[in-house]
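Residues per chain, in single letters:
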Amino acid sequence: MSCCSGNTAEDKLEPYQLLALYIRQISRLAQKGIFGQAVNVFKEISKNLGVTAATKRLSNLAVSDLLGGKDFLVDRDAYRYLQRLQEALIYRNERQISHICKLLIKHFDFDPTNDIISDLEKANKETLVKSDLSVICIYGLDLSTKKNVKKLIALFSRCPKVKKIELVFCTLNNVNVLKLFEATMKLECLYFLGLRGNKLDIKAVQKLHSFLEEPQNFPTLVWVDFRNNNGINTIPGAFAQLLMERRIKHRALKQTDDEKSSFSVQDAMNGKVV
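Residues numbered from 1 in each chain as written. Predicted model: local features only at pLDDT ≥ 70, side-chain atom pairs only at ≥ 80, totals over all residues. Heavy atoms only, no water.

- The protein chain appears in an unreviewed UniProt entry as Leucine-rich repeat-containing protein from Desmophyllum pertusum.

1. Here we look at the pattern of salt bridges
And step 1. Inspection of the entire model under this criterion finds 3 salt bridges.
And step 2. For the salt bridge of Arg24 with Asp109, the shortest nitrogen-to-oxygen distance reads 2.8 Å. One end of the pair, Arg24, is in helix H1 (residues 15-31); the other, Asp109, is in the loop between helix H6 (94-108) and helix H7 (114-127), and 85 residues separate them in sequence.
And step 3. Judged by relative accessible area, Arg24 falls into the partly exposed class, the value being 30%.
And step 4. In this structure Asp109 comes out as buried when scored by relative accessible area, which is 16%.
And step 5. Between Asp225 and Arg227 there is a salt bridge, and its shortest N-O distance comes to 2.9 Å.
And step 6. The class for Asp225 is buried, based on a relative accessible area of 7%. (Salt bridge = Lys/Arg side-chain N within 4 Å of Asp/Glu carboxyl O. Helix = DSSP H or I, 4+ residues; strand = E, 2+ residues; numbered from the N terminus. Buried < 20%, exposed > 50% of the residue type's maximum accessible area, 1.4 Å probe, protein only.)

2. Considerations on the packing of aromatic side chains
And step 1. One pass over the full model with this rule turns up 6 aromatic pairs.
And step 2. Judged by centre distance (4.6 Å) and plane angle (70 degrees), the rings of Tyr16 and Phe169 are edge-to-face. Remark: Phe169 occurs in the loop between strand E3 (164-168) and helix H9 (174-184) and Tyr16 occurs in helix H1; sequence separation between them is 153 residues. Each member of the pair, Tyr16 together with Phe169, is buried.
And step 3. An angle of 85 degrees between the planes, with centres 6.4 Å apart, marks the rings of Phe181 and Phe218 as edge-to-face. With a gap of 37 residues between them, Phe181 in helix H9 and Phe218 in the loop between helix H10 (202-212) and strand E5 (223-225) connect regions that are remote in the sequence.
And step 4. Here the aromatic residues Tyr16, Phe110 and Phe169 are joined through ring pairs into a cluster of three or more. (Phe/Tyr/Trp six-rings, centres within 6.5 Å; stacked < 30°, edge-to-face > 60°.)

3. Re the pairing of strand E2 (residues 135-139)
And step 1. Here E2 shows a clear split, with Ile136 and Ile138 buried on one side and none of Val135, Cys137 and Tyr139 buried on the other.
And step 2. Pairing of E2 with E3, which is carried by 5 bridges, proceeds in the parallel orientation. Note that in E3 the partner of Tyr139 across the bridge is Val168.
And step 3. Since E2 and E3 lie parallel, the crossover through helix H8 (residues 146-158) that links them has a hand, and here it is right-handed. (Pairing = 2+ DSSP bridges. Right-handed = clockwise from strand over helix to strand, strands pointing away.)

4. Quick look at the sheet that holds strand E4 (residues 192-194)
And step 1. Read from one edge to the other, the open sheet built from 4 strands follows the order E2-E3-E4-E5, with strand pairing classed as parallel. Of all strands in the sheet, those with a lone pairing partner are E2 and E5, marking the two edges. Within this sheet the neighbouring strands show an average axis-to-axis angle of 5 degrees, counted without direction. (Axes fitted to C-alpha atoms, helices over the stretch in contact; angles between N-to-C directions.)

5. What to know about the nonpolar core
And step 1. Counting 79 residues, the largest nonpolar core has Ile26, Leu85, Leu167, Leu195 and Phe226 as its most contacted members.
And step 2. Ignoring any residue separated from it by four or fewer positions in sequence, one finds Phe226 in contact with Val74, Leu195, Leu200, Val205, Leu208, Ile232, Ile235 and Phe239. (Core = buried A, V, L, I, M, F, W, Y, C linked by side-chain atoms within 4.5 Å. Contact = heavy atoms within 4.5 Å.)

6. Quick notes on H8
And step 1. The terminal C-alpha atoms of H8 lie 19 Å apart, and with 13 residues this matches the ideal 18 Å at 1.5 Å per residue to within 8%.
And step 2. Inspection of H8 places Asn148, Val149, Leu152, Leu155 and Phe156 among the buried residues, and these make up the whole buried set. The buried residues of H8 all sit within an arc of 115 degrees when viewed along its axis, so they share a single face. In this structure, H8 carries Lys146, Lys147, Lys150 and Ser157 as exposed residues pointing more than 90 degrees from its buried face.
And step 3. Check the buried side of H8 and you find it contacts H7, E2, E3 and H9. (Expected span 1.5 Å × (residues − 1). Arc of directions from axis to C-beta.)

What follows is the structure, given as structure tokens:
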């Protein structure tokens, strides 16, 4: 099968694009009744996402239990969708397979129409010249280029009170994310960093973890979203626990009991602005 061969055009795809390609293949094969090949593609997805007996067990744990473990599963929802897809493939339920594939494509893929791309480019351009933002959301900007990274770092310098930064589907790699870590680690209000759908791998996680071990770095950061990257299926439990310790400190800074209780673990992971 094409999904299993090496040195193909698929090797040039972004991680999220490859997952979406596999999922679309499964849907098409199931529609044609070719379930054996669909199962083979499913195995490729499972391998890509590091699905094992251990990670399956993690996907069924509550967040509080996950936080206490050796490894923290980055994307529980994806694993749960895959479990449902596997069951549908076993029973050859084409209708259910199609439904779950649509959910997975929505979960993983970024394939906007030309009109939406134009709107995103306009929004990104406007954001990059602003100042004093509390939330910075950038979608689809090519952050593999030095020019765009430089613009983004300049934006950070003009937004010293920013609370939340999301850089989603921006082809961000390990080299340039290090520059962004260095540019944001002294921001005193930043509590959420969203890096979903990029080209990062576990080395980026390890580097950020090393920064966080110094309390003066990222003083209020409570969560980082690494979903849908390149092989970041779990992060060290110690890393997740360190972030949650910062959440406790963050809550302690709030002025009222209502504000303290409102900022839950799930709020932190979802990037809720507080």
